[in-house]
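One letter stands for each residue in the lines below.
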Amino acid sequence: MSGLAINVADVVKSFPAGDSRTFALKGATLNARFGELMMIVGPSGCGKTTLLSVICGTLQCDEGTLTIFDHDLRRMKDADITKFRCENVGFIFQQFNLIPTLTAVENASIPLILNGVAPGKAEKRAGEVLAEVGLGDKLHSYPSQLSGGQLQRVAISRALVHAPRLIICDEPTASLDAAAGQKTLDLLKSSALQPDRCVIVVTHDNRIYHFADRIAEMEDGRVTGIYDDPKDYQHA
Amino acid sequence: MLGIALKMLFRDRAKYAMLVCGLAFCSLLMCQQISVFCGIMMWTTSTVRNIGAPVWVVDAKVEQANEVIPMRQIEVERVRSVHGVAWAVPLYIGIEQARLTDGSFQNVQLTGLDTGTLTGRPMDMRAGRIEDLRLPNAVVVDQVAVEKFRQKGITIKLGTTFEINDKEARVVGICHVARSFLGQPYIYTTFDRAMEYAKPTRKQLSYVLAGPVSGVSDEELAARINKLPGLRAVAKDKLFWLTVWWYIKNTGIPISFGTVVLLGVIVGIAIAGQTFYLFVHDNLRYLAALKAMGARMHTLAAMVLLQAFSVGFIGYGFGVGLASWFGNSVLAKETPPFYMPWQVPAFVALVLIFICGLSALIGLVKVARLEPAVVFR
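Every value quoted in this text rests on a predicted model; they were computed, and no experiment measured them. (Residues numbered from 1 in each chain as written. Chains lettered and ligands numbered in written order. Predicted model: local features only at pLDDT ≥ 70, side-chain atom pairs only at ≥ 80, totals over all residues.)

Regarding the overall build of chain B
Phase 1: Helix and strand content of chain B: eleven helices and ten strands.
Phase 2: For chain B, the C-alpha radius of gyration of 29 Å lies well beyond 21 Å, the compact-globule estimate for 377 residues.
Phase 3: When the backbone C-alpha atoms are referred to their principal axes, chain B occupies close to 95 × 50 × 30 Å.
Phase 4: Taken across its 377 residues, chain B has 45% of its residues classed as buried.
Phase 5: Restricting to contacts in chain B with at least 6 residues of sequence separation, those with at least 24 account for 82%. (Helix = DSSP H or I, 4+ residues; strand = E, 2+ residues; numbered from the N terminus. Rg over C-alpha atoms; globule rule 2.2 N^0.38 Å. Buried ≥ 20, exposed ≤ 12 C-beta atoms within 10 Å, placed from the backbone. Contact = placed C-beta atoms within 7 Å.)

What to know about the interface of chain B and chain A
For interface size, the figure often reported is the accessible area lost on association.
Phase 1: On the chain A side, the residues contacting the 20 residues of chain B number 23 residues.
Phase 2: Listing elements by their share of the side of chain B that touches chain A, those giving two or more residues are α1 (2-10) and α9 (253-293) of chain B.
Phase 3: At six residues, the largest contribution of residues to the side of chain B that touches chain A is made by α9 of chain B.
Phase 4: Residue classes in the side of chain B that touches chain A are distributed as 13 nonpolar, two polar and five charged. (Nonpolar A, V, L, I, M, F, W, Y, C, P; charged D, E, K, R; others polar.)

Details of the nonpolar core
Phase 1: By size, the foremost hydrophobic cluster in this structure holds 126 residues, and its most contacted members are Ile 40 and Ile 200 of chain A.
Phase 2: Sorting elements by how many residues they give to this core places helix α2 (residues 13-44) of chain B first, with 16 residues.
Phase 3: Here Ile 200 of chain A is in contact with Ala 32, Met 38, Ile 40, Leu 52, Ile 55, Ile 168 and Cys 169 of chain A, once residues within four sequence places are set aside.
Phase 4: Of all hydrophobic cores here, the second largest spans 59 residues; its members include Val 57, Val 146, Ala 169 and Leu 205 of chain B. (Core = buried A, V, L, I, M, F, W, Y, C linked by C-beta atoms within 7 Å.)

So, helix α5 (residues 148-160) of chain A
Residues three or four positions apart in an α-helix share a direction because the helix packs 3.6 residues into each turn.
Residue and element names in this part refer to chain A.
Phase 1: Here α5 spans 18 Å end to end across 13 residues, near enough to the 18 Å set by a 1.5 Å rise per residue.
Phase 2: A large share of α5 lies buried, amounting to ten of its 13 residues.
Phase 3: All of the buried residues in α5 are Leu 151, Gln 152, Arg 153, Val 154, Ala 155, Ile 156, Ser 157, Arg 158, Ala 159 and Leu 160. (Expected span 1.5 Å × (residues − 1).)

Quick look at the pairing of strand β3 (residues 105-113) of chain B
All names here are of chain B.
Phase 1: Of all nine residues in β3, seven are buried; the element is thus mostly enclosed.
Phase 2: When strand β2 (residues 85-99) meets β3, the two strands line up antiparallel, connected through eight bridges. Its bridge partner being in β3, Gly 94 is matched across the sheet by Leu 110.
Phase 3: Judged from the five bridges that link them, β3 and strand β8 (residues 186-190) form a sheet pairing that is parallel. (Pairing = 2+ DSSP bridges.)

Remarks on unusual backbone geometry
Backbone geometry follows two general trends: most residues other than glycine have a negative phi, and most peptide bonds adopt the trans configuration.
Residue and element names in this part refer to chain A.
Phase 1: Look at Phe 69: it is not a glycine, yet its phi comes out positive at around 50°.
Phase 2: Of note, Phe 69 is situated in the loop between β4 (63-68) and β5 (71-72).
Phase 3: Located in the positive-phi region is Phe 96, a residue other than glycine, with phi close to 65°.
Phase 4: Looking at the secondary structure, you find Phe 96 in the loop between β6 (89-92) and α3 (104-114).
Phase 5: With 21 C-beta atoms counted inside 10 Å, the residue Phe 96 sits in the buried group.

Considering the confidence of the model for chain B
Phase 1: When pLDDT is averaged along chain B, the result is 89; 100% of the residues meet or exceed 70.
Phase 2: Interface confidence for the predicted complex, expressed as ipTM, amounts to 0.86; the pTM equals 0.77. (pLDDT = per-residue confidence, 0-100.)

Here's the deal with the pairing of strand β7 (residues 166-170) of chain A
Residues and elements named next belong to chain A.
Phase 1: Of all five residues that make up β7, five are buried, and the element is covered over most of its length.
Phase 2: Across four bridges, β6 lies against β7 in parallel orientation. Note on β7: the bridge partner recorded for Gly 90 is Ile 167.
Phase 3: Bridge count between β7 and strand β8 (residues 198-202): five bridges; the pairing is parallel. Directly across from Ile 167, in β8, lies its bridge partner Val 199.
Phase 4: Remark: the β7/helix α6 (residues 178-192)/β8 crossover connection has right-handed handedness. (Right-handed = clockwise from strand over helix to strand, strands pointing away.)

Digging into the confidence of the model for chain A
Phase 1: Residues with a pLDDT of 70 or more make up 97% of chain A, whose mean pLDDT is 86.
Phase 2: At the level of individual helices and strands, chain A shows its lowest average pLDDT in helix α7 (residues 230-235) of chain A, which scores 71, and its highest in α3 of chain A, which scores 93.

Some points on the domain arrangement of chain B
Residues and elements named next belong to chain B.
Phase 1: On domain assignment, one finds that chain B holds domain 1 (2-43 + 252-376) and domain 2 (53-250).
Phase 2: Taking only C-alpha atoms, the centre of domain 1 and the centre of domain 2 are 46 Å apart.
Phase 3: Each partner contributes residues to the interface: domain 1 has six residues there, and domain 2 has seven residues.
Phase 4: Secondary-structure elements contributing two or more residues to the side of domain 1 that touches domain 2 are α2 and α9.
Phase 5: In terms of residues, the side of domain 1 that touches domain 2 owes the most to one element, α2, which gives three residues.
Phase 6: Residues that form the side of domain 1 that touches domain 2 fall into these classes: five nonpolar, no polar and one charged. (Domains from an automatic or database assignment.)

Considerations on the sheet that holds strand β1 (residues 4-17) of chain A
Residues and elements named next belong to chain A.
Phase 1: Taken together, the four strands give an open sheet; going across it, the order is β2-β1-β4-β5, and neighbouring strands pair in antiparallel fashion. Each edge of the open sheet is held by one strand with a lone partner, namely β2 (20-33) and β5.
Phase 2: By the bridge criterion, five bridges tie β1 to β4 in an arrangement that is antiparallel. When the bridges of β4 are listed, Val 8 appears paired with Leu 66.

Dropping the structure here:
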């Protein structure tokens, strides 16, 4: 093991736009260590979400080096990347993406079921994780019966239930008020962060920067700065 | 994930109900209409089925069972002379007019059975004895006669009399047979008496019924009799299908029923296809999230297919169940005609599989094109 959880170097990603191509990433370079919560920040359209998508393998980059937990994603086949993602990545989405017709415990159990765990066992484990995040009494509630903060906690439970090594969070506080956002990051840091894990958070919510171990600043498709102390970024 | 797929389907109650109702209506429409069509086709062959003789000999120009071109009575002897014929008897069938005691008239299908053997006799006697046909002026009437006469205020029972072409007929038995295509009552009597009742014509023999000796098949016997000039012999099963196909080719019945069945298919595709497309479309974001979380395409395809075929199966069950209930409730009255052989629900099942497969395919195309990265947008 290299000691680096994520090694992204000179990654280029472009999308077709009519006869030409639009470059979302123009040689982005980023390293993330085990046991750290790294935030990727920057203005809208700078390539944060594209970089996040490339890191978790939902988008393939055109050029560059992409190593996640010593796996070279660029050399892996689609099916292997999907399997890798299923086993190693937990997702927390901006809009939660909880299935509205499933209860909290059913939603949280999905990653385990995708990994081949029997539904009964998966729901038992999901129930335990939901109880750990304070939703023990909401196991059988549907998303429509939960508040924004509770929905995000269900989403966090879903991201953690199968003990992935990489947690990907896309604007986790965007749909929450300030207090709920702070609580979510508190929870994320306390329950998600482990020595063998890495948490990547894409955000432009400066109220939560202080939760980061390091901050990567992006601009125009490139990582323009890495800050070892969030205060350095906020004062920059 | 299949359990998750079913929960996603069943708990989206509005779309689930709409899908099931659409497919149930489509199944009901197809199943009921095809069964009524089959029932009508069965009515067209009621004479063949009621008489039940193995081989039917008719005039060479006859195309189907309900077409009667009278023959000379000598044809019975000609048929008997064919090698392999165990027996051959005459049969008269003709439309005659019965006059009831109140002076009203009723068209009837007069059936004259061979006097000696009563070959072709009704098997289901509800009152009286078929052998009593040999008594003077005796006739046996079917359940349709009882019903039609009752509508005119006359209760038929043993001993009731009426007139056929001004000659007295006395009821000695009541039977139950398959209804005729035109809905006229069957009146059974002996061949000799039928000649008295029928209006006199030069030729009066409608059919010769024949049976083969042991070791000769019906088809083989028919082939041998066919060598006789001016006659056409057809085995019972073949005559059944000749009659059915004649009605299919020469009447507008299949077109009118086929149109309704086609409408059922179109309604099914329109309702089920559109609703299922909306269902998949509404769930696209969640399917993309599942894809991002590591669900493979074949898992998502299995989920979509299971959802499509689950509603198809349930809708089919309701539709065929309702059609069966309809059939069961009209069978007692025998009208409208209803006959649902296993091929009807099997055909409807195939159509439903097509509709559900098409609906699922439309959804699957959307899912296949789905980029998991859209969940971050």
